[in-house]
Amino acid sequence: MYNKEVRFIRIASSVSMLTLEHAEVDYSPHKKYLIDKTNAYDPTLMIKREPYYEDSFKVDAILNTAQYNELKDYLMEEGKLYIEYYDETGKKQFPVIIDKYPTQQDDLRYFTEITRIELKAIYKELSPINYDEAPGWGNSWGLSWGF
């Protein structure tokens, strides 16, 4: 699936965003269980309890030198990282951790090949970012927009 825009959102002491235009997201959902075992008395029965999701993302984009350095520095910052993109069903937003950092293509930095970032999302249920509770973004104590 080809997306026009992929946004990375970092929430730490403030909210920051980094947008990659013309990026492709390969999303693979996986449902897993905390308890996944066979029944001790009847091995044909499986016991599955406490479901959770461990989704994987592969984000591909062609970046120039400045964009690559900005992305690499942004991904290494501290705080909670989210990915946001649109597909045919609407806006998707997932809390993610970095599985594999993007690699530099060559020493000459022509960046003609695709830069790939691999991410994982581990969650029980999804909820969108509540910007009213995010630090430095806006809240009920006076709408501090991070300036």
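As a reminder, the structure under discussion sits directly above these lines.
Residues numbered from 1 in each chain as written. Predicted model: local features only at pLDDT ≥ 70, side-chain atom pairs only at ≥ 80, totals over all residues. Heavy atoms only, no water.

**Student:** Any chance you could break down helix H1 (residues 65-75) for me, citing the residues and the numbers?
**Tutor:** Among all positions in H1, only Tyr68, Leu71, Tyr74 and Leu75 are buried. The buried residues of H1 occupy an angular sector of 135° when projected down its axis, which confines them to one face. In this structure, the buried side of H1 is in contact with strand S1 (5-11), strand S2 (15-21), strand S6 (80-87), strand S7 (90-100) and strand S8 (115-123). The opening residue of H1, the one whose side-chain oxygen lies 3.2 Å from the backbone nitrogen of Ala66, is Asn64. (Buried < 20%, exposed > 50% of the residue type's maximum accessible area, 1.4 Å probe, protein only. Helix = DSSP H or I, 4+ residues; strand = E, 2+ residues; numbered from the N terminus. Arc of directions from axis to C-beta. Contact = heavy atoms within 4.5 Å. Polar contact = N/O pair within 3.5 Å; in protein donor to acceptor, adjacent residues only side chain to side chain.)

**Student:** Account for the environment of Arg10, naming residues and giving values.
**Tutor:** Secondary-structure assignment places Arg10 in strand S1. Considered as a pair, Arg10 and Lys80 are 70 residues apart in the sequence and their alpha carbons are 5.6 Å apart. Setting aside anything within four residues of it in sequence, one finds Arg10 in contact with Val15, Ser16, Tyr74, Leu75, Met76, Glu77, Glu78, Gly79, Lys80 and Leu81. Side-chain polar atoms of Arg10 contact the backbone oxygen of Leu75, separated by 3.1 Å. Of the polar contacts made by the side chain of Arg10, one reaches the backbone oxygen of Glu77; its length is 3.3 Å.

**Student:** Residues and numbers for the pattern of salt bridges, please.
**Tutor:** Evaluated as defined, the whole model comprises six salt bridges. We note a salt bridge from Glu5 to Arg7, for which the minimum N-O separation is 3.3 Å. The exposure class of Arg7 is partly exposed, given its relative accessible area of 23%. Between Arg7 and Glu84 there is a salt bridge, with its nearest N and O atoms 3.0 Å apart. Note that Arg7 is positioned in strand S1 and Glu84 in strand S6, a separation of 77 residues in sequence. Via salt bridges that share partners, Glu5, Arg7, Glu84 and Lys91 belong to a single interconnected network. (Salt bridge = Lys/Arg side-chain N within 4 Å of Asp/Glu carboxyl O.)

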